[in-house]
Amino acid sequence: MTRKRVAILISGRGSNMAALIEAARAPDYPAEIVGVLSNRAAAPGLATAAANGIATASLAQSKFLSRDMFEDTMTQILESWEVDYVCLAGFMRILGEDFVNHWLGRMINIHPSLLPAYKGLHTHERALADGVTEHGCTVHFVTPGLDEGPTILQARIPVAAGDTPETLAERLLVEEHRIYPEALRLLASHQVKL
Ligand code: GRF
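Residues numbered from 1 in each chain as written. Predicted model: local features only at pLDDT ≥ 70, side-chain atom pairs only at ≥ 80, totals over all residues. Heavy atoms only, no water.

Asks: So what exactly am I meant to see when it comes to the state of the cysteines here?
Replies: A covalent bond between the sulfur atoms of two cysteines is what we call a disulfide. For the structure on display, the rule yields 0 disulfides. Counting only cysteine sulfurs, C137 is the nearest neighbor of C87, a cysteine outside any disulfide, at a range of 14 Å. In this structure C137 comes out as buried when scored by relative accessible area, which is 0%. (Disulfide = S-S within 2.5 Å. Buried < 20%, exposed > 50% of the residue type's maximum accessible area, 1.4 Å probe, protein only.)

Asks: Can you walk me through helix α2 (residues 44-51) in this structure?
Replies: Since there are 3.6 residues in each turn of an α-helix, residues three or four apart along the chain are aligned in direction. Those residues of α2 not exposed but buried are G45, L46 and A49. The buried residues of α2 occupy an angular sector of 105° when projected down its axis, which confines them to one face. Among the exposed residues of α2, those oriented more than 90 degrees off its buried face are A47 and A51. Of the surrounding secondary structure, the elements contacted by the buried residues of α2 are β1 (4-10), α1 (15-23), β2 (31-38) and β3 (55-58). Note on α2: the residue one or two positions beyond its end, G53, has a positive phi of about 75°. (Helix = DSSP H or I, 4+ residues; strand = E, 2+ residues; numbered from the N terminus. Arc of directions from axis to C-beta. Contact = heavy atoms within 4.5 Å.)

Asks: Sorry if this is basic, but what is going on with the nonpolar core here?
Replies: A general trend in soluble globular proteins is that nonpolar side chains are found buried together. Grouped together as the largest cluster of nonpolar side chains are 37 residues, with contacts concentrated most on I8, I33, V36, I108 and L184. Sort the elements by how many residues they give to this core and helix α6 (residues 165-188) lands first, with 9 residues. Residue contacts for V36: discarding those within four places in its chain leaves I8, I10, M17, L46, A49, I54, A55, T56, A57 and W81. Ranked by size, the runner-up nonpolar core spans 21 residues in total, among them L9, L78, L88 and V100. (Core = buried A, V, L, I, M, F, W, Y, C linked by side-chain atoms within 4.5 Å.)

Structural data, given as structure tokens:
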């Protein structure tokens, strides 16, 4: 089995990144994590990746004259790592059409809602404000429309009386860490495609 080469894009904590790194330790996992790229040098996830012996890079968009130049540089770094797939894991920038189209079918994201419900930010707050009884997370292909690409996997959790955005996020994160590695496994073993 040739393992697919995967890079992860983060902006912060990197707990989903860590779940992917952990899953990829299994010898029969069809992908290896070869690089982690952050748009914030202070992202705690970078240290976690480095501690796992994974190549890291950070690039601040503010240092570039345009978003296109920033994203072209990201693609150059990803291609220097010879990646087959890109996983967005808490990467807090909206990506431009050229970058998305370059990686189309090869880039996936995890989003903390049952898409198509609650695209964008503050998903837990919005779900609670609506009084939903069920919440969840989605791994999906990244396409040019924000949080609009086809779903690969979803997980659902019940909303409990007294839940706050924090308690809901904490319970949902357990499911995120379960389905993201599973979705990447499906992609890297060609069991799903765009
Ligand atoms: C997760 O809730 C993920 O669904 C969202 O951003 C958060 C990132 O958390 N896209 P982490 O950096 O993976 O811990």
